[in-house]
Amino acid sequence: MTPIELATRRRVTGLTSGEFARLFVTIERKVGGESAHWDASDVESWELVGPPVTADQHLNDTFAAANEFVATLAKRLYRMITPADEGTVVTVFDDDVTFWAEQPDLGGIPHALWNIAALQAIEWVRRETGVVCTLDVRPAIG
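Rules used throughout
- Residues numbered from 1 in each chain as written.
- Predicted model: local features only at pLDDT ≥ 70, side-chain atom pairs only at ≥ 80, totals over all residues.
- Heavy atoms only, no water.
- Helix = DSSP H or I, 4+ residues; strand = E, 2+ residues; numbered from the N terminus.
- Buried < 20%, exposed > 50% of the residue type's maximum accessible area, 1.4 Å probe, protein only.
- Contact = heavy atoms within 4.5 Å.
- Areas by Shrake-Rupley, 256 points an atom, 1.4 Å probe, with all protein chains shown as cover.
- Lys, Arg positive; Asp, Glu negative; His and termini not counted.
- Charge placed at Lys NZ, Arg CZ, Asp CG, Glu CD.
- Arc of directions from axis to C-beta.
- Core = buried A, V, L, I, M, F, W, Y, C linked by side-chain atoms within 4.5 Å.
- Phe/Tyr/Trp six-rings, centres within 6.5 Å; stacked < 30°, edge-to-face > 60°.
- Salt bridge = Lys/Arg side-chain N within 4 Å of Asp/Glu carboxyl O.

Glancing now at the overall build of the chain. Of the regular secondary structure elements, the chain holds six helices and four strands. Referenced to the eigenvectors of the C-alpha coordinate spread, the extents of the chain come out at roughly 50 × 35 × 25 Å. Within the span of the chain, comprising 142 residues, buried residues form 42% of the whole. Partitioning the contacts of the chain with sequence separation of at least 6, the portion at a separation of at least 24 is 69%. If you sum the accessible surface of the chain, you get close to 7700 Å²; carbon and sulfur atoms cover 55% of it. On the chain, the mean spot of the 12 positive side-chain charges and the mean spot of the 21 negative ones are 4 Å from each other.

As structure tokens, this is what we get:
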């Protein structure tokens, strides 16, 4: 994977470098037999000089998992909010900690992926019914 491809794919997923690094480590616990302990600075470096060869397939797997998560969650949220009316509210999150506190089964998954899925679900509702749902942004805890 080239540096520009990595940067573009990460940005398309809606993730910051730090969020992508956490997702990568959550999904890919080992790379080349060693524990994955990467952070935002590693991802930023890869976007300049390219990722390590040993991480290439793991990066593709992480992007695929992120896309699959968003698609699955968007469908789930869509089913939860339909039939929708003008009073339908969908929760999105300001940060990971608040998201994980309310969705503990999704710990390690960046809140940005939830938010993208929520936006996709309410857009499907708007296109199909003309109903515009409201987003309720949960502020950060504490």
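So that's the structure; there's more coming.
Here we come to unusual backbone geometry. Cis peptide bonds are those with omega within 30 degrees of zero, and the linkage from T82 to P83 qualifies with 0°. Examined against the element boundaries, P83 turns out to sit in the loop between α4 (56-81) and β3 (89-93).

Next up on the list: helix α3 (residues 40-49). Of the residues making up α3, those classed as buried are V43, W46 and E47. The arc that holds every buried residue of α3, seen down its axis, measures 100°, which confines them to one face. In α3, those exposed residues whose orientation departs by more than 90 degrees from the buried face are L48 and V49. Just downstream of α3, G50 is the residue with a positive phi angle, here 100°.

Residues F20, L59 and L113 are the most contacted members of the largest nonpolar core, which totals 37 residues. Sorting the residues of this core by element identifies α2 (17-27), α3, α4, β3 and α6 (111-129) as the ones contributing at least two each. No other element matches the nine residues that α4 contributes to this core. When residues no more than four places from it in sequence are discounted, the contact partners of L113 are T13, L15, L23, A66, F69 and V70.

Next up on the list: the packing of aromatic side chains. According to the stated counting rule, one finds nine aromatic pairs in the structure shown. Relative to W46, the ring of F24 has its centre 6.0 Å away and its plane inclined at 70°; by these criteria the two rings are edge-to-face. Here F24, found in helix α2, pairs with W46, found in helix α3; they are 22 residues apart in sequence, far enough to count as distant. Exposure remark for W46: the relative accessible area of 7% places this residue in the buried category. Their ring planes at 85° and their centres at 4.9 Å tell us that W38 and W46 sit as a pair that is edge-to-face.

What follows deals with the pattern of salt bridges. Per the counting criterion, the structure on display carries seven salt bridges. The salt bridge involving D96 is made with R22; its shortest N-O contact spans 2.5 Å. Taken together, the positions of D96 in helix α5 (residues 96-102) and R22 in helix α2 put the pair 74 residues apart, joining distant regions of the chain. Since its relative accessible area comes to 8%, D96 is described here as buried. With a closest N to O distance of 2.3 Å, D136 and R138 form a salt bridge. In this structure R138 comes out as partly exposed when scored by relative accessible area, which is 27%.

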